[in-house]
Protein chains: 2
Amino acid sequence: MEVDEVVCLPRLSRVAVCGGTHGNELSGVYLVRELLKAKDIVMEEEREEPASVLMVLANPRAMQQCRRYVDTDLNRCFTHATLNGPISDSAPYEMTRSRELNAMLGPKGSPGAVDLVCDLHNTTANMGLCLIAYSDCDWICLHIFKHLQRQMPDVPMRFIHFDVSSKESYSLDSVGKHGFAMEIGPQPHGVVRSNIYTAMKDGVQHMLDWVRLFNSGTIFEAGFVDVFTIVKNIDYPRDSETHNITATIHPQLQDRDFLLLHPDDALFQTFSGETLRYKGNEPLYPFFVNECAYYEKGIALSLARKRHVVVPAIRAQTEAERRRDQQGFASEEE
Amino acid sequence: MEVDEVVCLPRLSRVAVCGGTHGNELSGVYLVRELLKAKDIVMEEEREEPASVLMVLANPRAMQQCRRYVDTDLNRCFTHATLNGPISDSAPYEMTRSRELNAMLGPKGSPGAVDLVCDLHNTTANMGLCLIAYSDCDWICLHIFKHLQRQMPDVPMRFIHFDVSSKESYSLDSVGKHGFAMEIGPQPHGVVRSNIYTAMKDGVQHMLDWVRLFNSGTIFEAGFVDVFTIVKNIDYPRDSETHNITATIHPQLQDRDFLLLHPDDALFQTFSGETLRYKGNEPLYPFFVNECAYYEKGIALSLARKRHVVVPAIRAQTEAERRRDQQGFASEEE
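On a predicted model such as this, the values are computed, not experimentally measured, just so you know.

Caption draft 1: View of the overall build of chain A. Within chain A, the regular secondary structure consists of 7 helices and 14 strands. Its C-alpha atoms give chain A a radius of gyration of 21 Å, within 12% of the compact-globule value 20 Å for 334 residues. Each of the three principal axes of chain A carries a C-alpha extent, and together these read 70 × 50 × 45 Å. Partitioning the intrachain contacts of chain A with sequence separation of at least 6 by distance along the chain shows that 75% fall at a separation of at least 24.

Caption draft 2: Molecular detail of the environment of Q254 of chain B. Along the chain, Q254 of chain B turns up in the loop between β9 (247–249) and β10 (266–270). Classification of Q254 of chain B as partly exposed rests on a count of 19 C-beta atoms within 10 Å. On a C-alpha basis, the gap between Q254 of chain B and A125 of chain B in space is 8.4 Å, while along the polypeptide they are 129 residues apart. Excluding anything up to four places from it in sequence, Q254 of chain B contacts R193 and S194 of chain A together with I249, V289 and N290 of chain B.

Caption draft 3: Main features of the pairing of strand β13 (residues 301–311) of chain A. All names here are of chain A. In this sheet, β13 lies alongside strand β8 (residues 223–234) in antiparallel orientation, the contact comprising 11 bridges. Looking across to β13, one finds that G223 is bridged to V311. Note that strand β12 (residues 285–287) and β13 share 3 bridges and pair antiparallel. For Y285, the partnering residue across the bridge sits in β13 and is A304.

Caption draft 4: Structural context of the packing of helix α5 (residues 139–151) of chain A against helix α6 (residues 194–215) of chain A. All names here are of chain A. Their axes nearest at 9 Å, the elements α5 and α6 cross at an angle of 125°. Taken as axis vectors, α5 and α6 run oblique relative to one another. Viewed along their axes, α5 and α6 form a crossing whose handedness is right-handed. Contact with α5, carried on its side by I144, H147, L148 and Q151, involves G203, H206, M207 and W210 of α6 and no other residues of that element.

Caption draft 5: Here's a closer look at the sheet that holds β8 of chain A. Residue and element names in this part refer to chain A. The strand order across the open sheet built from 9 strands is β3-β2-β4-β7-β5-β6-β8-β13-β12, with neighbouring strands paired in mixed fashion. What marks the edges here is a single partner per strand, and that holds for β3 (52–57) and β12. Between one strand axis and the next, the sheet turns through 30° on average, direction left out of account. As paired strands, strand β5 (residues 128–133) and strand β7 (residues 178–185) are joined by 5 bridges and run antiparallel to one another. Within β7, the position partnered with I132 by the bridge is A181.

Caption draft 6: Here's a closer look at the interface of chain A and chain B. The interface is formed by 22 residues belonging to chain A together with 22 residues belonging to chain B. For the side of chain A that touches chain B, the secondary-structure elements that each account for two or more residues are α1 (26–44), α6 and β9 (247–249) of chain A. At 3 residues, α6 of chain A tops the list of elements feeding residues into the side of chain A that touches chain B. Of the residues belonging to the side of chain A that touches chain B, the class tally is 9 nonpolar, 11 polar and 2 charged.

Caption draft 7: Broad picture of the environment of K108 of chain A. All names here are of chain A. Tracing the backbone shows K108 in the loop between α4 (93–105) and β4 (116–122). Overall, K108 belongs to the buried group, with 24 C-beta atoms counted inside 10 Å. Taking the C-alpha atoms as reference points, K108 and P186, 78 residues apart in sequence, are found 31 Å from one another. Discounting residues that sit within four places of it in the chain, K108 has contacts with F78, L83, N102, A113, S174 and V175.

Caption draft 8: Representation of the domain arrangement of chain A in the model. According to the domain assignment, chain A consists of domain 1 (11–228 + 309–320) and domain 2 (231–303). For domain 1 of chain A versus domain 2 of chain A, the separation of C-alpha centres amounts to 28 Å.

Caption draft 9: Layout of the pairing of β4 of chain A. All names here are of chain A. Of all 7 residues in β4, 7 are buried, a share of seventy percent or more. By the alternation rule, side chains of β4 split into L116, C118, L120 and N122 and V117, D119 and H121, which are all buried. Examined bridge by bridge, strand β2 (residues 14–19) and β4 share 4 bridges and lie parallel to one another. Across the sheet, the residue bridging to V15 is L116, located in β4.

Caption draft 10: Here's a closer look at the relation of the copies chain A and chain B. Between the two copies, chain A and chain B, the superposition gives an RMSD of 0.0 Å; the rotation angle is 180° and the shift along the axis is 0.0 Å. Expressed as a symmetry operation, the mapping of one chain copy onto the other fits a two-fold axis. Every residue of chain A has its C-alpha some distance from the rotation axis, and the shortest such distance is that of P188 of chain A, at 2.4 Å.

Caption draft 11: Quick look at the environment of V192 of chain B. Structurally, V192 of chain B can be placed in the loop between β7 (178–185) and α6 (194–215). If near-sequence neighbours (up to four positions away) are discounted, V192 of chain B is found in contact with T248 of chain A together with L26, S27, Y30 and Y197 of chain B.

Caption draft 12: Highlighting the sheet that holds strand β4 (residues 116–122) of chain B. Residues and elements named next belong to chain B. What the 9 strands build is an open sheet, ordered β3-β2-β4-β7-β5-β6-β8-β13-β12; its pairing is mixed. Only two strands of the sheet have a single partner each, and these edge strands are β3 (52–57) and β12 (285–287). Averaged over neighbouring strand pairs, the angle between their axes works out to 30° when direction is ignored.

Caption draft 13: Up close: the nonpolar core. F287 of chain A together with F287 of chain B are the most contacted members of the largest nonpolar core, which has 183 residues in total. Discounting residues that sit within four places of it in the chain, F287 of chain B has contacts with A125, M127, I160, F228, D257, F258, S302 and A304 of chain B.

Caption draft 14: Up close: α4 of chain A. Residues and elements named next belong to chain A. For α4, spanning 13 residues, the distance from its first C-alpha to its last is 18 Å, which sits close to the expected 18 Å at 1.5 Å a residue. Buried residues of α4: E94, R97, S98, L101, N102 and L105, and no others. For α4, the angular spread of buried residues about the axis comes to 145°, placing them on one side. Along α4, the residues that are exposed and aim more than 90 degrees away from the buried face are E100 and A103. Buried positions along α4 lie against β2, α3 (80–84) and β4.

Calculation notes
- Residues numbered from 1 in each chain as written.
- Chains lettered and ligands numbered in written order.
- Predicted model: local features only at pLDDT ≥ 70, side-chain atom pairs only at ≥ 80, totals over all residues.
- Helix = DSSP H or I, 4+ residues; strand = E, 2+ residues; numbered from the N terminus.
- Rg over C-alpha atoms; globule rule 2.2 N^0.38 Å.
- Contact = placed C-beta atoms within 7 Å.
- Buried ≥ 20, exposed ≤ 12 C-beta atoms within 10 Å, placed from the backbone.
- Pairing = 2+ DSSP bridges.
- Axes fitted to C-alpha atoms, helices over the stretch in contact; angles between N-to-C directions.
- Parallel < 35°, antiparallel > 145°, perpendicular 65-115°, else oblique.
- Left-handed = near helix turned anticlockwise from the far one by under 90°.
- Nonpolar A, V, L, I, M, F, W, Y, C, P; charged D, E, K, R; others polar.
- Domains from an automatic or database assignment.
- Least-squares fit on C-alpha atoms with pLDDT ≥ 70 in both.
- Core = buried A, V, L, I, M, F, W, Y, C linked by C-beta atoms within 7 Å.
- Expected span 1.5 Å × (residues − 1).
- Arc of directions from axis to C-beta.

Here is the structure:
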């Protein structure tokens with residue numbers, strides 16, 4: 001890749017903004033409800049939208065009970081295997097719901113899938129605003145991230161990369177051609193805090209602005225993004241018989257997401273007051289530190305390596321380029 | 001009451017420390033588990049205890065599911081009517097459990113009840129450490145509060161008074177002859193934070209220390225306590241059809257528990273960004289601001305009036321005084 005090359009990418013004509021994938025992560029629930037109301041108003045005024053934006057409340061049953069999920073974590077139900085395997089009448093609610101969402105926004109991996117999925121989440125960890133994606137070279141996601149960073153300089157912002165193949169990717173945002181989770185914290189589950197809600201509202205607005213600019217031909221300049229690629233998870237110390245945790249995050253680590261954790265730094269404090277230290281060999285970046293929903297998943301924190309990723313300049317294909325591309329595909333297929 | 005009079009009160013020979021009354025308020029759950037372990041060690045060493053301390057995990061089923069409750073809020077099941085009314089086999093789990101706890105620690109209002117119940121709670125509100133009681137003239141509770149204030153000067157601490165009769169008092173701590181909830185936050189439900197856990201551990205330790213000092217004859221001097229008496233609750237603005245909330249706590253009020261709220265101060269921010277103001281006539285002290293569990297109870301915040309309460313000097317009755325008192329009762333009964 002030449003640094004001064006401008007990469008041309010297909011327009012993003014269909015975008016989905018999803019909330020309530022976890023029913024107790026309330027910023028996304030209330031933001032999508034609000035956008036649904038606002039959308040009605042826009043439609044009444046017959047404003048022209050350069051892209052169609054679909055607002056989705058992903059897990060209404062869990063929302064109704066203000067719980068993460070009813071039977072099983074919906075945001076782990078979008079692997080190729082789960083979406084396409086056999087299913088019985090007694091399947092968990094979320095297994096059925098993931099297929100409905102895949103029919104609405106996908107099918108995952110097909111040309112019919114929406115162009116971009118933005119799935120809204122909250123965390124109890126002090127993570128600021130994070131975009132979480134399965135790729136470190138999806139220029140659309142990385143340029144949206146750069147745009148949000150520029151537009152919201154007061155909000156701490158990071159790009160997290162889960163290195164998982166498209167087939168094994170498990171979350172709702174993996175159904176789109178491009179997709180990411182917008183994860184904001186700290187906010188207790190079951191609570192909506194005005195500062196976190198406002199950051200999410202602004203983030204979604206700037207994301208949609210970027211899509212409109214992109215679709216209308218704006219060239220976005222090349223640059224760099226710090227990408228945090230997950231290396232591993234660490235569980236709480238647990239009692240071997242009861243499996244209950246025997247320690248919590250050390251006060252010197254609590255709320256210090258994305259501040260480098262060095263070998264021998266304090267990691268946990270046991271309930272009797274003892275300090276347990278990080279025994280890794282290399283300094284890594286902690287995140288999802290003391291996330292409520294991960295106690296049951298056996299994750300006290302995740303650790304990442306930081307890399308500086310070069311992002312090329314991009315612009316949307318013109319109509320002529322699009323047609324030439326399609327013809328090219330057609331001739332190849334012949 | 002003469003200010004220099006020393007009030008003599010019965011010794012506190014049986015104390016209960018309860019956790020997990022709400023199964024997702026984890027500081028109390030893990031602290032009681034830890035104290036149960038420590039108690040085993042003390043018993044093995046055959047140390048003499050000046051008071052018997054009973055550790056209770058109040059709602060084990062809710063703890064197991066990491067939820068506030070299974071069928072209904074246990075901490076509303078201790079009214080005289082609920083404990084003594086008819087009960088069917090299909091009663092909510094917590095109705096049955098409240099009777100078990102009343103048999104263990106009560107019966108409420110009877111001479112057989114334990115002398116002091118300390119029930120451990122967490123809140124998502126920024127309330128520091130609060131003792132919550134049904135009386136503003138229970139000298140035992142108020143002296144324990146003064147002791148904790150002295151011993152833990154770095155922890156913001158308040159005494160909250162719910163003005164409810166003994167018969168209508170509904171919480172577990174009302175089963176003891178004296179009792180209070182120890183409420184500490186902010187901590188998301190389903191999470192344990194080391195700073196909150198440690199404050200609770202220290203609070204319980206100092207409370208037990210005070211009981212030992214009291215029982216061994218120490219005179220506690222007279223003084224003052226600021227008591228916050230609840231005046232009313234305020235609900236979130238809600239949609240008249242769906243009953244969904246349409247606003248959250250205003251950023252200028254969030255996390256400002258116990259800072260005086262004046263008429264026309266910002267109270268809520270609607271999801272579309274509008275500010276709603278406090279329309280009361282008098283300045284009051286907000287607390288339980290944005291508590292997770294109170295969304296379903298229709299409480300966005302509570303408001304209190306602050307009063308300066310004179311607390312007399314107290315000491316425990318001597319054995320001779322206790323016997324004389326009992327004889328006095330006996331003659332009165334004759």
